[in-house]
Amino acid sequence: MHDIRALRDTPDLFEKAWAAKGRSGAAAQAIDLDLEVRTARTASESAQARRNDLSRRIGQAKAAKDEAEAARLLAEVEALKAEAAGDAEREKAAEEALRDLLASLPNLPAAGVPEGEDESGNVEVRRWGEPFSIQSPRNHADLGEALGLMDFEAAARMSGARFVVLKGRLARLERALGQFMLDIQTLEHGYTEVSPPLLVRDAAAFGTGQLPKFSEDLFRTTDDRWLIPTAEVSLTNLAREQILAAETLPLRLTALTPCFRSEAGASGRDTRGMIRQHQFYKVELVSITEPDQSDAEHERMVSCAEAVLKRLELPFRTMLLCRGDMGFSARRTYDLEVWLPSEGRYREISSCSNCGDFQARRMDARTKSAGEKGTRFVHTLNGSGLAVGRTLVAILENYQDEGGRIAIPQALQPYMGGLTHIDAAG
């Protein structure tokens, strides 16, 4: 949500940001609705003041036994009741329209976010590692199927497209990756591990910005709950409707969970393989901070995600997203993109965003320092640390040999019982 007072003070700032997201004119529409709300409220308050005055005068008339005057004043009160009811109805309708409009509008980009309409406007910040030199690299799906450890057909028979069955050492590798990532983030980077719900109510999905705009991207249950598309939803909502002691911030939380996405807008894209699936595992990072801490926390979070790729010795680059390519709730976003030899390009494996107070306003998540009377909205941040399936894809492709055998990165070997390779033996 947005601060309507800030919108009144700096409408051009909001209009520029929303126009870049295809919502030109939204700022003026919001200001008009806000004026309608305030006009109706003022009229309602004025009518109430007049009713109070008339009630006093009715009492005086009755005390003076002037029944005619009392009756006339009473009729005027009744007319004011109808007028006040109409004002209240107009105020309520305008408030609902304003609330719905503001809920549908994205966050504003932070200063320094590049201009641009799509991924072509993103800016490379840094690059780590040299792409592996592999003769005629094979796609991860071909590699997994040749090993007999990745089965898309069996998954399709039971669940449809965009699912996979992993077996044997590939299933173990997926499990190992999740544990490896959690250990790095909890033991080395100070995140607290959480096991959160995978099903949430409307209010939780609204709080992090998935609702109402992105309902088609989610899976809904028959009892009107939503399967989480990322643990960001559950972890961030731990702060909802709370006043957190400033002395306890920042809170750093992490979780390894299944994630569920309908991929409604992905028709025809990445239809084969594990890049874009309806169900996948991800280690999520969430931070809840004081407003003046969030920029530094954002840089720290990105470095925590980068550390996983460095430990696995996977080449990657870090991109600062432009205004047009950022997500709905973000004010600044870095994407980590890992090298995939079969495609000869970098692909997203992590997205780390600073949302400022955007989500906090939707969740009413606040903080207060000891001895202070007032509260302020916290800032929220989230990032992948990392997407497990895409990391598995990157390992298969970057660590393949000419015979289709997969070397296990040294950092993962303790999690694989000392195994150094995965081959057709499974």
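Residues numbered from 1 in each chain as written. Predicted model: local features only at pLDDT ≥ 70, side-chain atom pairs only at ≥ 80, totals over all residues. Heavy atoms only, no water.

J.: What's the story with the nonpolar core in this structure? I'm lost.
T.: Note that soluble globular proteins tend to have their nonpolar side chains buried in a common cluster. Ranked by internal contacts, the top residues of the largest apolar core, which has 50 residues, are L173, L177, I395 and I422. Residue contributions to this core peak at 8 residues, all from helix 7 (residues 168-188). The residues touching I395, leaving out its near neighbours within four places in the chain, are L173, L177, L312, L314, Q400, I406, A407, P409 and L412. Membership of the second largest hydrophobic core comes to 23 residues, among which are V200, A205, L218 and A365. (Core = buried A, V, L, I, M, F, W, Y, C linked by side-chain atoms within 4.5 Å. Buried < 20%, exposed > 50% of the residue type's maximum accessible area, 1.4 Å probe, protein only. Helix = DSSP H or I, 4+ residues; strand = E, 2+ residues; numbered from the N terminus. Contact = heavy atoms within 4.5 Å.)

J.: Before we go on, may I ask you to explain the packing of aromatic side chains in this structure?
T.: Each aromatic ring pair is characterised by the separation of its centres together with the angle its planes make. Evaluated as defined, the whole model comprises 7 aromatic pairs. A ring pair is formed by W339 and Y346, whose centres lie 5.1 Å apart and whose planes are at 70°; its orientation type is edge-to-face. There is no split in this pair, since W339 and Y346 are both buried. One aromatic cluster in this structure is built from F214, F328 and F358. (Phe/Tyr/Trp six-rings, centres within 6.5 Å; stacked < 30°, edge-to-face > 60°.)

J.: Is there a simple way to think about the UniProt feature "binding site: ATP" (unreviewed entry) in the chain in this case?
T.: Per the UniProt record, "binding site: ATP" (unreviewed entry) is annotated on R261, S262, E263, E348, I349, S350 and S351. Tracing the backbone shows E348 in strand 13 (residues 345-354). A relative accessible area of 35% places E348 in the partly exposed class. The residues touching E348, leaving out its near neighbours within four places in the chain, are D335, L336, E337 and R390. As for its placement among the helices and strands, S351 is situated in strand 13. On the basis of relative accessibility, which here comes to 22%, the residue S351 falls in the partly exposed class. The residues contacting S351, other than those within four sequence positions of it, are T333, Y334, D335, N382, G383 and S384. A polar side-chain atom of S351 sits 2.8 Å from a polar atom in the side chain of D335. (UniProt positions renumbered as here; feature names shortened; annotations may be inferred. Polar contact = N/O pair within 3.5 Å; in protein donor to acceptor, adjacent residues only side chain to side chain.)

J.: Before we go on, may I ask you to explain the packing of helix 7 against helix 10 (residues 294-311) in this structure?
T.: A pair of packed helices is captured by two measures, namely the crossing angle of their axes and the spacing between those axes. Packing of helix 7 against helix 10 leaves a shortest axis separation of 10 Å and a crossing angle of 130°. Between helix 7 and helix 10, the crossing angle belongs to the class labelled oblique. As for how helix 7 packs across helix 10, the hand of that crossing is right-handed. Contacts from F180, M181, I184, Q185 and E188 of helix 7 reach helix 10 at C304, A305, V308 and R311. Classifying every residue of the contact of helix 7 with helix 10 by side-chain character gives 6 nonpolar, 1 polar and 2 charged. (Axes fitted to C-alpha atoms, helices over the stretch in contact; angles between N-to-C directions. Parallel < 35°, antiparallel > 145°, perpendicular 65-115°, else oblique. Left-handed = near helix turned anticlockwise from the far one by under 90°. Nonpolar A, V, L, I, M, F, W, Y, C, P; charged D, E, K, R; others polar.)

J.: Please explain the domain arrangement of the chain as it appears in this structure.
T.: Reports of interface size often rely on the accessible area that becomes lost once the parts have come together. Entries for the chain in the domain assignment read domain 1 (4-104) and domain 2 (119-422). Placing a centre on the C-alpha atoms of domain 1 and another on those of domain 2 gives a separation of 46 Å. Domain 1 puts 4 residues into the contact, and the matching count from domain 2 is 10 residues. Note on domain 1 versus domain 2: buried area summed over both sides is about 530 Å², and carbon and sulfur give 51% of it. On the domain 1 side of the interface with domain 2, the three residues burying the most area are K21, A103 and S104, jointly 69% of the side's total. In this assembly, domain 1 and domain 2 are joined by 0 salt bridges. Seen at the junction of domain 1 and domain 2, the total is 3 residue pairs in polar contact (both at pLDDT 80 or more). Here the side of domain 1 that touches domain 2 is built from residues that sort into 1 nonpolar, 1 polar and 2 charged. (Domains from an automatic or database assignment. Buried area = accessible area lost by both parts, 1.4 Å probe. Salt bridge = Lys/Arg side-chain N within 4 Å of Asp/Glu carboxyl O.)

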